[in-house]
Structures are given as C-alpha cells and as structure tokens.
Amino acid sequence: MLARFAILLVALFALPAAGRGDELVARGEYLARAAGCQSCHTANGPNAVPFAGGRKLATPKGVFYGPNITPDPRHGIGQWTEAEFLRALRLGIRRDGAHLYPVFPYTSYTKIADDDARAIFAYLKSLPASPTPNKAHELPFPYNIRMAMAAWKWLNFKPGAFVPASDAVGAPNRGAYLVEALGHCGECHTKRDWWGAIVPAMAFAGTKDGPDGKVVPNITPDPETGIDGWSTKDLVYFLDTGLLPDGDSTGGLMAEVIRNGTGKLADEDRQAIAIYLQSLKPIKHKPKKDSPRAP
Amino acid sequence: MKYRQGVMRGVGGAMGNLSAMMKGDVKFGNNHLRANAESLAWLSSLSREAFQENTGTTGPTKSKANIWSSWSDFAGKAQAFEIEASKLAELARAPNPNMAAIGEQMKAVGGTCGACHKDFRE
C-alpha cells in the first residue's frame, strides 16, 4: 500500500505540473487530503456526501457550517472559474466578491502554490455534483456582518506565497510547505488573540481554546511541554496511525486530520512533516483549561 | 474506577508494545507479537463490563458521564474494539505473520480507540 503510494507520488511529481486531466485530478486529490479540505466540508455521520458541506464548526466567534464545494451549479462551486477559486484560497474572497470568514483557513492556504491550487480545483470539479443546500452560519453581532471581515483582514491577514527557507533544502522545505500551507497545522495548534488571529510568536505551541473548545497540545520540540521526547519515527508513525508513543490513541479532531489526511499521504511526506516539526524553535507552553473539574 | 483505568492502561501498554515493534524500535520474536496482540484482544473483551457500572466520575477520571446515559452507543464502540482487536490477534497468530496486514489492522484498532475516546473521554 505505502510502496504503491510512493511510486504513484514519484510518478506524479515527475510530471510537469499541468499534466493531462487524470493525472492532474489524482494530484489534486492527494493535495486536497494533505490540506484536509474534506473534514470541514463534509457533514458528520456515515451517510454524508463528501464535500457536500454541512459540517458544524464551533468556534469562540460563533457556529459555522462548511459549505458545499462539489460542482453543483446552484449549491456548490459549479459556476466558479479557476481564477475565482484561486482568489478564494489566496485572498479569502468569495465568487461574488464578499469576504470569507477565516474559519476557512485561507490564512494558511494563501501559501499554496498556484499549480497545486489548480490541481485541487480540477479534483473538486471531477467529483459528482451534490445538490445539498448550504446551512447558514449562526453568528452573533458583529461577526454576522461579512463586511466586518474586511477590517479583520486588513489587520490580521498577510496574503503571500510560501517562501522556502534559503538554508534548508529537500525534506525540511517540503515539510514546511506541508505544515504551513497545506496542512494548516498551526491553525489549530496555535493560540489566538482577541481578534481570533493566531499569535505568531506562539506558533505551534498549542492552545487551551482549540476548535470545539478542546485543548490542542504544543508540537514544538520543547523538552518539558512539547514533543522533544518523540523520535522522528514516533512522529511518522503517529501521523500514519494516530497512536502515541505511550500506546494511547489520539482522539477528537486530530484523529480526523490523520484519518482523512496525513494517514493517507506517502511516507516521505510524513517524514518531511516530522523533520520540519523537530526543526521548529522550542517554545515552553503547556495549554491547560483554566478550571479543571473539581478533583 | 481504578479497575476500569487499569484495563485501559493494560490496553495502552499492549498497544504501545505493538507500536514499538511496528516502528522497529525493538526486535523481538513472533512470540512477543502474538502475546501482545492476544492480551490486547483479551483486554478488549473486558472493556464493556469494566465500564458497565458507573464507579464514579468525580475522582481523577477522564470518563464522561454520557457513557452511562448513552450506554448502547458506548457498548457498540466497545464491541467494535473487541472485533478489530480479535482480528489483529488472528493475524498475529499466523505461523508467518503478514506484517503489512498487521500494520493496517493496527490502524483499524487505533480507529476504534479514537472513536470511543472522542465521545466518551475528556
């Protein structure tokens, strides 16, 4: 299985980026997995249609529902052009020009390479169209005003392509791209300020107010509070299986990130992610709930 | 409460040993593979009963009270664990265990742990 994937991947990356249809779609599928698009755009439950939307996302700012992004012309992205799709990932702007809420992590996706975004678009366009209507978000004032997002973006959002570190070649760069652009790991694993924007100085050091109100652990290589005790092998195995070095199993949203995402990547890519995490600057921070249950 | 946590710690111990073998951190014979997989399967068959009676959610516990209010859902998740763990033991019992299949089955078992912890553990 893994070997087959690796061969597939090597074949895919050896192709020119604008390969023929099928290859482009297969590459897009792989990249969409690495980016975890499916989790937020698919309702919970065994009968949910993938990418047809309806997933409930509880955040401190209100409840959002991932929209339908199958090629349905009315409820999905059937009428979107490639340029409009690229603009959404790059700038967080909807087809009609409205601002998108940053729950859709364009703050990370802005770093996705254009060729990769085109492949993802080709993949989404290849899916069966589902006529599932979208659910309205449930947001309190002032977040219910889309225009307010213009101010938010002006303050908190820096669009821009991924810049590889000049001193790193090979795996760390691939890992950085997978973690920072596609995997958007920092969107969950980083503390947010009052604005709901991630705090760059605390990147990857965890937060007590993660999605669904859960604690998200520190994944910098800090000896006391982070993943310093993990070997590269431990990390690769975890990203494949969800099993922690002590035999416990990860739950919640990370289990989903692994099931739909990192667990379906090639071993080399998991390796690249692991090496990049281990190269981060260690930050001492142990996220904990303010008032744990009475003992 | 200690008992149910003990069962889970045993489960974690066996799972950790199997993971270490899969990663190649340790190299032991197939007897170790088999014994850990068997003990995981044995313990999995206890998980439902170990939680059946609510022996407390006020001490140092991560059990959520909905275990007992949604008991049939919890019991179903315990059963899924039992089924996947026994498949793993069966693979490990083979004279020449197929390591690739065991690796895949470890994921299936891990999925049942995660599914239950997601809903029923803090």
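Since this is a predicted model, take the numbers as computed values, not measurements. (Residues numbered from 1 in each chain as written. Chains lettered and ligands numbered in written order. Predicted model: local features only at pLDDT ≥ 70, side-chain atom pairs only at ≥ 80, totals over all residues. Heavy atoms only, no water.)

**Topic: the interface of chain B and chain A**
Inference 1: In this complex, chain B contributes 21 residues to the contact, which on the side of chain A involves 19 residues.
Inference 2: Summed over both partners, the interface of chain B with chain A comes to about 1,600 Å²; 47% of that surface belongs to carbon and sulfur atoms.
Inference 3: A per-residue breakdown of the area chain B buries against chain A is headed by Lys23(B), Lys107(B) and Lys118(B), which together make up 35% of the total.
Inference 4: Taken together, chain B and chain A are joined by four salt bridges.
Inference 5: Asp248(A) serves as the salt-bridge partner of Arg121(B), at 3.1 Å between the closest nitrogen and oxygen.
Inference 6: Between the two partners, chain B and chain A, sit five residue pairs in polar contact (both at pLDDT 80 or more).
Inference 7: The set of elements that each furnish at least two residues to the side of chain B that touches chain A consists of α1 (2-23) and α5 (99-120) of chain B.
Inference 8: Broken down by element, the residue count for the side of chain B that touches chain A peaks at eight residues, all from α5(B).
Inference 9: Of the residues in the side of chain B that touches chain A, the class split is four nonpolar, ten polar and seven charged. (Contact = heavy atoms within 4.5 Å. Buried area = accessible area lost by both parts, 1.4 Å probe. Salt bridge = Lys/Arg side-chain N within 4 Å of Asp/Glu carboxyl O. Polar contact = N/O pair within 3.5 Å; in protein donor to acceptor, adjacent residues only side chain to side chain. Helix = DSSP H or I, 4+ residues; strand = E, 2+ residues; numbered from the N terminus. Nonpolar A, V, L, I, M, F, W, Y, C, P; charged D, E, K, R; others polar.)

**Structural notes on the packing of aromatic side chains**
Residue and element names in this part refer to chain A.
Inference 1: If you walk through the whole model with that rule in mind, you get twelve aromatic pairs over all chains.
Inference 2: Measuring from ring centre to ring centre gives 4.9 Å for Phe-85 and Phe-121, while their planes differ by 35 degrees; the resulting arrangement is tilted. Placement of the pair is Phe-85 in helix α4 (residues 82-91) and Phe-121 in helix α6 (residues 114-126), with a sequence separation of 36 residues.
Inference 3: Taking relative accessible area as the criterion, Phe-85 reaches 8% and is therefore assigned buried.
Inference 4: When its relative accessible area of 7% is taken as the criterion, Phe-121 is described as buried.
Inference 5: Pairing Trp-194 with Trp-195 gives two aromatic rings, centres 5.4 Å apart and planes at 85 degrees, and the pair type is edge-to-face. (Phe/Tyr/Trp six-rings, centres within 6.5 Å; stacked < 30°, edge-to-face > 60°. Buried < 20%, exposed > 50% of the residue type's maximum accessible area, 1.4 Å probe, protein only.)

**A look at the confidence of the model for chain A**
Residues and elements named next belong to chain A.
Inference 1: Per-residue pLDDT for chain A averages 87, and the proportion of residues at 70 or more is 89%.
Inference 2: Here helix α1 (residues 2-14) stands out as the least confident element of chain A, with mean pLDDT 47; α6 is the most confident, with 97.
Inference 3: Low confidence marks residues 5-19, where pLDDT is under 50. Its contacts with residues over four positions away, or in another chain, come to 17 contacts. (pLDDT = per-residue confidence, 0-100.)

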